[in-house]
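# Reading the structure
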Amino acid sequence: MATQSPVTAVLDKTQASQPPRLFLATLHEWVTTVDHKKIGLMYIGYALFFLVVAGFEAILMRIQLAIPNNTFVSPQAFNRLFTMHGTTMVFFVGMPILFGFGNYLVPLMIGARDMAFPRLNAFSFWVSAFGGSLLYFSYLGGDGLYGAGSAPDVGWFAYAPLTARVFSPGHSTDYWTLAVLLSGIGNIGTALNIVATTICMRCPGMKLNRMPLLVWLYLVTSMMVFVAVSPLTAAQIMLLLDRYLGSHFFDTQAGGSAVLWMHFFWIFGHPEVYILVLPAFAFANEIIPVFSRKAIFGYPAMVAASVGIGFISLSVWAHHMFTVGMGAGANTFFTLSTMVIAVPTGIKIFNWLATLWGGKIRYTVAMMFSVGFLFQFLIAGLTGIMLSASPFDWQLGNSYFVVAHFHYVLVGAILFMIFAAFYYWYPKMTGHMLDEKLGKWHFWLFLIGFHLTFDFMHIPGILGMPRRIYTYEADRGWMLLNMITSSGAFFQAIATLLFVYNMVWSYFKGPIAGADPWDAWTLEWSTVSPPPAYNFATIPTVESRRPLWDLKHPEDPDTRYE
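It should be emphasised that the depicted structure is a prediction, and the values quoted were computed from it without experimental measurement.

Before going further, it helps to examine the overall build of the chain. Broken down by element type, the chain carries 17 helices and 0 strands. Taking 2.2 N^0.38 as the reference for a compact globule, 562 residues should give roughly 24 Å; the C-alpha atoms of the chain span a radius of gyration of 24 Å, in line with that estimate. The C-alpha extent of the chain, read off along each of the three principal axes, is 70 × 50 × 45 Å. Going through the 562 residues of the chain one by one, you find that 58% of them count as buried. In the chain, the proportion of contacts linking residues at least 24 apart, taken out of those at least 6 apart, comes to 81%. Placing the 29 positive and 27 negative side-chain charges of the chain at their respective mean positions leaves the two points 6 Å apart.

Structure follows, in structure tokens:
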């Protein structure tokens, strides 16, 4: 373990003098807190809860599809399961867990005491959390097409006219609409806060060209949230107006347009992939250099590539709509724009590999997940380029090939880096190390489960298995592939439960982490673990991109090379 600086030693004594708190006092403190670190941890906690819920829904679907003509769940329940799974994973797992890390890390990494608007930060969290609760309350209060207690069943995309009252009576679709609307309001508030914090609250000496890459990527992500989430929020309001006040935005029989909903949804939906993946890139930018013992290769190129991805990703939404009849010109434009985004993404992969090249690599669990991410994201990118070609997309766009592709991105890239982030920053957040031996079991079980599930899922897609089907006939030749896919889901579930057990066990029994257990370089490691409410006893001053390296190695500071 690294030794503590004099500053952190003083902070340690300050924390040790705090008297123990009663449970109700602690609960009250957390519920009313405006501390960015506690709000970040609450985001992460509620996202982990919904990750387990959505994972359970996925297991139920894979049991149903494991064998042909299965009746494990009804067709109606299956529709609700894939709607709730998709909605939960995107809005109530992916977004909150990544904003949770951003909330926790951005002020620490720029040497600030808190976010720019602490009360807005708390408001954004509680609005988002209420949205998730409202979505699942639909199981009790959302009487829908199939009677009382019906969860939403219109898919996470909620295409018109499925959401019209004639096809979706009752209130289950209203619960979906309001839950997503509230989530969007919370996300926009958090994004505004991250932008303001990054622009206005950097410590002395931290110019834009010295900001950690993680902060740069959260800045780009937050700006994308403004552009991408706002249209979806507007569309939710228009949908409510259609359902209750007689407007006809999406009613084709009254002059509206179902395709208009698709545009609104995918203007959000495809940039959303990059809103989720850029924070995953941000984690890789911090973890890979530390465990390679090298500065990141090509810092300016990494910043430029991140900004480039942000701009280009806003022009690719309609590649989800190749089959709706947009015309050859539009299809060609969106084919090319989707392919072009591979250029800045390729720059990032090249720079990560160049950082690894010649490094003194330490294969901690965080690094193992990061290497797995590199390999799997490359494959996901290749299948993404295949689907960007409109003729190929026409053939496979409604098949399990697409399901396999986007799970390669969402699980193989994003979830792998979220796990890596937990192993890397858990010591800072709790003051205790996660158990590396349990972590390696977690990594290998999850890796095996991931490849059993999503590698084999491509093949029935190519063989013609449509997505969103409840069951299939035995003579289609899909049974063995589906059984392998379903068995992989159980490996992933066991690995995830092992990870949750590791976090709980390590919180009480894990070794003390100290301020800087990884011998890292950014400012969050200069304060104690966990950091006090005020983050830093003295606001730091930085002179390079690796301020902690400069403090630890005054004979060879980065200022000599920048």
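There's plenty left to go through after this.
So, on to the environment of Ala-196. Positionally, Ala-196 belongs in helix α6 (residues 172-200). Relative accessible area serves as the criterion here: at 15%, Ala-196 is assigned to the buried category. The sequence separation of Ala-196 and Glu-286 amounts to 90 residues, and the corresponding C-alpha distance is 22 Å. When residues no more than four places from it in sequence are discounted, the contact partners of Ala-196 are Ala-116, Phe-117 and Met-201.

Right, let's talk about the nonpolar core for a bit. Buried together is how nonpolar side chains tend to be arranged in soluble globular proteins. With 164 residues, the main nonpolar core has Phe-101, Phe-283, Trp-352, Phe-373, Tyr-424 and Trp-425 as its most contacted residues. Residues within four places of Phe-101 in sequence aside, it is in contact with Ile-44, Val-106, Tyr-218, Phe-283, Ala-421, Phe-422, Trp-425 and Met-429.

By the secondary structure assignment, Asn-351 is in helix α11 (residues 342-356). At 3.3 Å, the side chain of Asn-351 forms a polar contact with the backbone oxygen of Gly-298. If we skip the residues at most four places from it in the chain, Asn-351 touches Phe-297, Gly-298, Ala-301 and Met-302.

Here the structure, examined in full by the defined rule, presents 8 salt bridges. The shortest N-O distance in the salt bridge between Asp-35 and Lys-37 comes to 3.1 Å. In this structure Asp-35 comes out as buried when scored by relative accessible area, which is 12%. Since its relative accessible area comes to 4%, Lys-37 is described here as buried.

Further remarks concern helix α7 (residues 213-244). Along its 32 residues, α7 runs 46 Å from first to last C-alpha, staying within 8% of the 46 Å computed at 1.5 Å per residue. Burial runs high along α7: 24 of the 32 residues are buried. Where α7 ends, the next residue or the one after it, Gly-246, has phi of about 80°, a positive value.

Tallied over the entire structure, the rule returns 58 aromatic pairs. Judged by centre distance (6.0 Å) and plane angle (85°), the ring pair of Trp-156 and Trp-266 falls under edge-to-face. Of this pair, Trp-156 sits in the loop between α5 (118-141) and α6 while Trp-266 sits in helix α8 (residues 258-292); the two residues are 110 residues apart in sequence, bridging distant segments of the chain. Exposure class is identical for Trp-156 and Trp-266. Each is buried. Residue placement shows Lys-38 over the ring face of Trp-30; its charged tip is 5.5 Å from the ring centre. The side chain of Arg-546 reaches across the aromatic face of Trp-521, ending 4.4 Å from its centre.

A surface patch of nonpolar side chains, about 540 Å² in accessible area, is lined by Phe-23, Leu-24, Leu-27, Val-31 and Trp-126. It is helix α2 (residues 23-31) that provides the largest number of residues to the nonpolar patch, a total of 4 residues. With relative accessibility at 42%, the residue Leu-27 sits in the partly exposed group.

What follows concerns unusual backbone geometry. Each neighbour pair has its own omega, and for Ala-160 with Pro-161 the value is 5°, a cis peptide bond. Along the polypeptide, Pro-161 turns up in the loop between α5 and α6. Look at the link from Ser-529 to Pro-530: it is a cis peptide, with omega at -10°. Here the phi dihedral of Ala-158 falls at roughly 50°; this positive angle occurs in a residue that is not glycine. Turning to its location among the elements, Ala-158 is positioned in the loop between α5 and α6. Positive phi values are uncommon outside glycine, yet Asn-535 reaches one of about 70°. Among the structural elements, Asn-535 can be located in the loop between α16 (479-509) and α17 (547-552).

Relative to the elements of secondary structure, Thr-233 occurs in helix α7. Those residues in contact with Thr-233, other than ones at most four positions away along the chain, are Leu-181, Gly-184 and Ile-188.

The next thing to look at is the state of the cysteines. All chains considered together, the criterion is met by 0 disulfides. Distance from the sulfur of Cys-203, which forms no disulfide, to the nearest cysteine sulfur (Cys-200) is 14 Å.

Here we take up the environment of Gly-256. Counting through the fold element by element, Gly-256 comes out in the loop between α7 and α8. Leave out the neighbours within four places in its chain, and Gly-256 touches His-248, Phe-249 and Asp-251.

Our next topic: helix α4 (residues 75-109). For α4, built from 35 residues, the straight-helix expectation of 51 Å at 1.5 Å per residue is met to within 8% by its first-to-last C-alpha distance of 49 Å. Along its length, α4 shows its largest kink, about 35°, at Thr-88. Immediately downstream of α4, the backbone of Gly-111 shows phi near 75°, a positive value.

What counts as what
Chains are numbered independently. Their residues run from 1 in the order of the written sequence. Where local features are concerned, this predicted model is filtered to residues with pLDDT of at least 70; where side-chain atom pairs are given and counted, the filter is 80 or more; whole-chain, interface and lining totals use all residues. Side-chain numbers come from the whole structure's heavy atoms, not from hydrogens or water. Helix numbers and strand numbers start at the N terminus; a helix is a DSSP run of H or I with at least 4 residues, a strand a run of E with at least 2. C-alpha atoms define the radius of gyration, and 2.2 Å times the number of residues to the power 0.38 defines the globule rule. When a residue's accessible area, from a 1.4 Å probe over protein chains only, is under 20% of the maximum for its type it is buried; when over 50% it is exposed; and in between it is partly exposed. Working rule for contacts: check all heavy atoms of both residues, and any pair within 4.5 Å makes them a contact. Residues counted as positive are Lys and Arg, residues counted as negative are Asp and Glu, and His and the chain ends are not counted. The atom standing in for a charge is NZ when the residue is Lys, CZ when it is Arg, CG when it is Asp and CD when it is Glu. Nonpolar cores are built from buried Ala, Val, Leu, Ile, Met, Phe, Trp, Tyr and Cys residues. Side-chain atoms within 4.5 Å join them into one set. As used in this structure description, the phrase polar contact means that two N or O atoms lie within 3.5 Å; if the pair is within protein, one of them must be able to donate a hydrogen and the other to accept it, and residues adjacent in sequence are counted only when both atoms belong to side chains. Note on definitions: salt bridges are taken to be side-chain nitrogens of Lys or Arg within 4 Å of carboxyl oxygens of Asp or Glu. Between the first and last residue of a helix there are one fewer steps than residues, each counted as 1.5 Å, and that sum is the expected span. Note on aromatic pairs: the rings of Phe, Tyr and Trp (six-membered ring only in Trp) are paired at centre separations within 6.5 Å, and the planes decide the class, stacked below 30 degrees, edge-to-face beyond 60, tilted for the rest. In this analysis the charged atom, NZ for Lys or CZ for Arg, is taken to sit over a ring once it is within 6 Å of the ring centre and within 35 degrees of the ring normal. Only residues whose relative accessible area exceeds 30% and that form no salt bridge are eligible for patches; like-charged ones are grouped when within 9 Å, while nonpolar side chains (Val, Leu, Ile, Met, Phe, Trp, Tyr) are grouped when within 5 Å. Where accessible areas are quoted, they stem from the Shrake-Rupley method and a 1.4 Å probe; at the residue level, only the protein chains shown are allowed to cover. Disulfides are defined as cysteine sulfur pairs within 2.5 Å. Here the bend at a residue means the angle between the axes of two seven-residue stretches, the one that ends at it and the one that starts at it.

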